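Here's the letter readout for the chains.
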Amino acid sequence: MSRYDNYFLMKTQEVADYVQEKLSFFPEDHELVCSEIGDGNLNYVFRVKDTQTGKTIIVKQAGESLRISEEMKLSTDRGRIEAEILGLQGKLAPGLVPEVYLYDSVMCCMLMQDMTGHYMMRSALLDHKTFPKFADHISTFLVNSLLKTTDVVMDHKDKKENVKKFINPDLCEISENLVFSEPFIDYNNRNNVFAPIADFVEKELYNDKALHLEAAKCKFSFMNNAQSLVHGDLHTGSIFINEEHTYVFDPEFAFYGPMGYDIGNVIGNMFFAWCNGDAVIEDEAKKAEFCSWVIETNKNIIDMFIEKFKACFNESVTDTMAKSEGFLDWYLGTVLADTAAIAGLEMIRRTVGMANVKDLTTIADEAKRARAEKIVITFAKNAVMNRESFVNGDAFVNAFMDAVNKF
Ligand code: SR1
Ligand code: MG
């Protein structure tokens, strides 16, 4: 009989004892301290530290309701999904995800590696730090975790087992509402629209029926195209990074969906970093350096993804029909179109929806923030409406700069 035989939400001061009971990670007689470090919308994240050695571990516990909203209840099964996908991604993309030491399905707790020496990427980008190896690292992660979990590569029955294992209805429902629906029709009355651009949003998002139709098509692709095991929430807050290394974490939204969902999330969130840098950095040379790095990085992410995707496809394809001449180019074209559409939809929802990004909300100057948000919405609409023309890195960054030049 243990006090952890039934689920309860732990308080910070209870977490160190929990770790000692569950793992032999720290010596029994060492003094441990614990702090709550999570700033996400859903879970409680604690760091436990050995005061003698400085060694640390992370404990992530899923609550039954969300941190961002008490009324929103969610299955705690998301913790299992997260622990399982991290194990799988660790095999497919070694070194690019943190190690999971234990998943406790009763307490819905994951004990995992502390990614010390790394910054949370969104915060680092808000400090306008640059990471020269990011495009290389993230394109490797995307190709390996996405292409290698498709029917192109996997045995089809094994892949279907994966689809079952990673069915994630509650978290998918959040995205179906927040990404694909509410930014266009605010039926839950919880959009956060920045008042100075309310008229712009009304005209460009709420009243644009052609846009609604394309968003609807993307929503049904999200719900029905079980293409790859996607991370499901790959924004810059789900990445820990330094100059040399990148970790992707927090895949609790994982499910089998279109792989462009992950790639588009990365691209869209990088463009947010550009918007922040452009609006906030005062020194013109520094601004140019940071903003050009973001643009170059997004171009490289797409181009490296294409190159690595083709190489991986040719090396790993197993499906007989997928080896048909022309299939690879057709398939990749659909992935890039999905990527463009998702970059656009993610950018729209993080601007006017319920869950906003600090990259925009911390721009203190109202006029600069309004300009940034109009740039975002203008690029995003183009990316959704004309997604098939986004065929390489240049297409993405040129379209973004076209939007910038309009305001
Ligand atoms: C109600 S949860 C809001 C958002 O936070 C997560 O990070 C996901 O992006 C979700 O859409
Ligand atoms: Mg998250």
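Parameters and conventions
Residues numbered from 1 in each chain as written. Chains lettered and ligands numbered in written order. Predicted model: local features only at pLDDT ≥ 70, side-chain atom pairs only at ≥ 80, totals over all residues. Heavy atoms only, no water. Helix = DSSP H or I, 4+ residues; strand = E, 2+ residues; numbered from the N terminus. Rg over C-alpha atoms; globule rule 2.2 N^0.38 Å. Buried < 20%, exposed > 50% of the residue type's maximum accessible area, 1.4 Å probe, protein only. Contact = heavy atoms within 4.5 Å. Areas by Shrake-Rupley, 256 points an atom, 1.4 Å probe, with all protein chains shown as cover. 1 Å grid on protein atoms, 1.4 Å probe; cavity = no way out; pocket = protein on both sides within 12 Å on 5 of 7 lines; lining within 4 Å. Points joined across faces, edges and corners; volume = space filled by probe spheres on them. Axes fitted to C-alpha atoms, helices over the stretch in contact; angles between N-to-C directions. Parallel < 35°, antiparallel > 145°, perpendicular 65-115°, else oblique. Left-handed = near helix turned anticlockwise from the far one by under 90°. Nonpolar A, V, L, I, M, F, W, Y, C, P; charged D, E, K, R; others polar. Phe/Tyr/Trp six-rings, centres within 6.5 Å; stacked < 30°, edge-to-face > 60°. Core = buried A, V, L, I, M, F, W, Y, C linked by side-chain atoms within 4.5 Å. Near = heavy atom within 4 Å. Polar contact = N/O pair within 3.5 Å; in protein donor to acceptor, adjacent residues only side chain to side chain. Sits in = over half its atoms within 2 Å of the grid points. Salt bridge = Lys/Arg side-chain N within 4 Å of Asp/Glu carboxyl O.

**Brief notes about the overall build of the protein**
The helix and strand tally for the protein stands at 14 helices and 10 strands. Computed over C-alpha atoms, the radius of gyration of the protein comes to 21 Å, within 12% of the 22 Å expected from 2.2 N^0.38 for 407 residues, which places it in the range of a compact globule. Referenced to the eigenvectors of the C-alpha coordinate spread, the extents of the protein come out at roughly 65 × 55 × 45 Å. Put simply, the protein has 407 residues, and 57% of those count as buried. Taking the intrachain contacts of the protein between residues at least 6 apart in sequence as the baseline, contacts between residues at least 24 apart amount to 72%. With the model as given, the accessible surface of the protein reaches about 17,200 Å², and the carbon-plus-sulfur share is 50%.

**Structural notes on the layout of surface pockets**
Roughly 1,000 Å³ of volume is contained in the largest pocket. For the largest pocket, the lining is made up of 40 residues, of which Asp39, Gly40, Asn41, His235 and Gly237 are closest to its centre. Those elements that provide at least two residues to the lining of the largest pocket are strand S2 (43–50), strand S3 (56–62), helix H3 (121–126), helix H6 (169–178), helix H11 (327–352) and helix H12 (358–361). Roughly 210 Å³ of internal volume is contained in the second largest pocket.

**As for the packing of helix H9 (residues 260–280) against helix H14 (residues 393–405)**
Each pair of packed helices can be described by the angle between their axes along with the distance between the axes. Remark: H9 packs on H14, axes separated minimally by 12 Å, with the N-to-C direction vectors making an angle of 40 degrees. Taken together, the axes of H9 and H14 are oblique relative to one another. Where H9 crosses over H14, the handedness of that crossing is right-handed. Contact residues: Ile267, Phe271, Trp274 and Cys275 in H9; Phe396, Val397, Phe400, Met401 and Val404 in H14. Of the residues that constitute the contact of H9 with H14, the class distribution is nine nonpolar, no polar and no charged.

**What to know about the packing of aromatic side chains**
Per the stated rule, a full pass over the model turns up 25 aromatic pairs. Where Phe290 meets Trp293, the ring centres are 6.2 Å apart and the plane angle is 40 degrees; that geometry is what we call tilted. Remark: Trp293 and Phe290 occur in helix H10 (residues 284–316); sequence separation between them is three residues, near one turn of the helix. With a relative accessible area of 2%, Phe290 lands in the buried category. Trp293 gets classed as buried once you look at its relative accessible area, which sits at 13%. Through pairs of rings, three or more aromatic residues link up here, namely Phe271, Trp274, Phe379, Phe390, Phe396 and Phe400.

**What to know about unusual backbone geometry**
Phi at His128 is positive, roughly 60 degrees, even though this residue is not glycine. Summarising the element assignment, His128 is placed in the loop between H3 and helix H4 (134–147). Notably, Asp250 is not glycine yet its phi reads approximately 65 degrees, a positive angle. Within the element layout of this structure, Asp250 appears in the loop between strand S9 (246–248) and strand S10 (255–257).

**Observations concerning empty space enclosed by the protein**
Summed over the entire model, instances satisfying the criterion amount to one cavity of 30 Å³ or more. Taken together, Asn43, Lys60, Gln61, Ala62, Arg78, Gly79, Glu82, Tyr103, Cys108, Met110 and Glu252 make up the full set of residues lining the largest cavity. Only S3 and helix H2 (78–92) provide two or more residues apiece to the lining of the largest cavity. Taken together, the residues of the lining of the largest cavity break down into four nonpolar, three polar and four charged.

**Some words on the nonpolar core**
Ranked by internal contacts, the top residues of the largest apolar core, which has 107 residues, are Phe134, Ile138, Phe309 and Phe400. Among the elements that take part in this core, H11 stands out by supplying 13 residues, more than any other. In contact with Phe134, not counting residues within four places along its chain, are Met121, Ile239, Ile241, Thr246, Val266, Met270, Thr297 and Ile301. Membership of the second largest hydrophobic core comes to 18 residues, among which are Tyr4, Met10, Ala16 and Met107.

**A look at the site of ligand 1**
Asn41, Leu66, Asp233, Arg349 and Arg350 are the nearest of the 13 residues found near ligand 1. Contact distances for ligand 1 include 2.8 Å between an oxygen atom and a side-chain N or O atom of Arg350. Here ligand 1 occupies the largest pocket. Every element with two or more residues in the shell around ligand 1 is listed here: H6 and H11. Split into classes, the residues belonging to the shell around ligand 1 amount to eight nonpolar, two polar and three charged.

**A closer look at the pattern of salt bridges**
One pass over the structure, following the stated rule, counts 26 salt bridges. Between Lys164 and Glu161 there is a salt bridge, and its shortest N-O distance comes to 3.2 Å. Of this pair, Lys164 and Glu161 both sit in helix H5 (residues 156–165), three residues apart, roughly one helical turn. Its salt-bridge partner being Glu373, residue Arg369 comes within 2.8 Å of it at the nearest N-O pair. Here Glu373 and Arg369 lie together in helix H13 (residues 366–385), a separation of four residues that amounts to about one turn.

Limitation: the analysis is restricted to geometry and does not speak to function.
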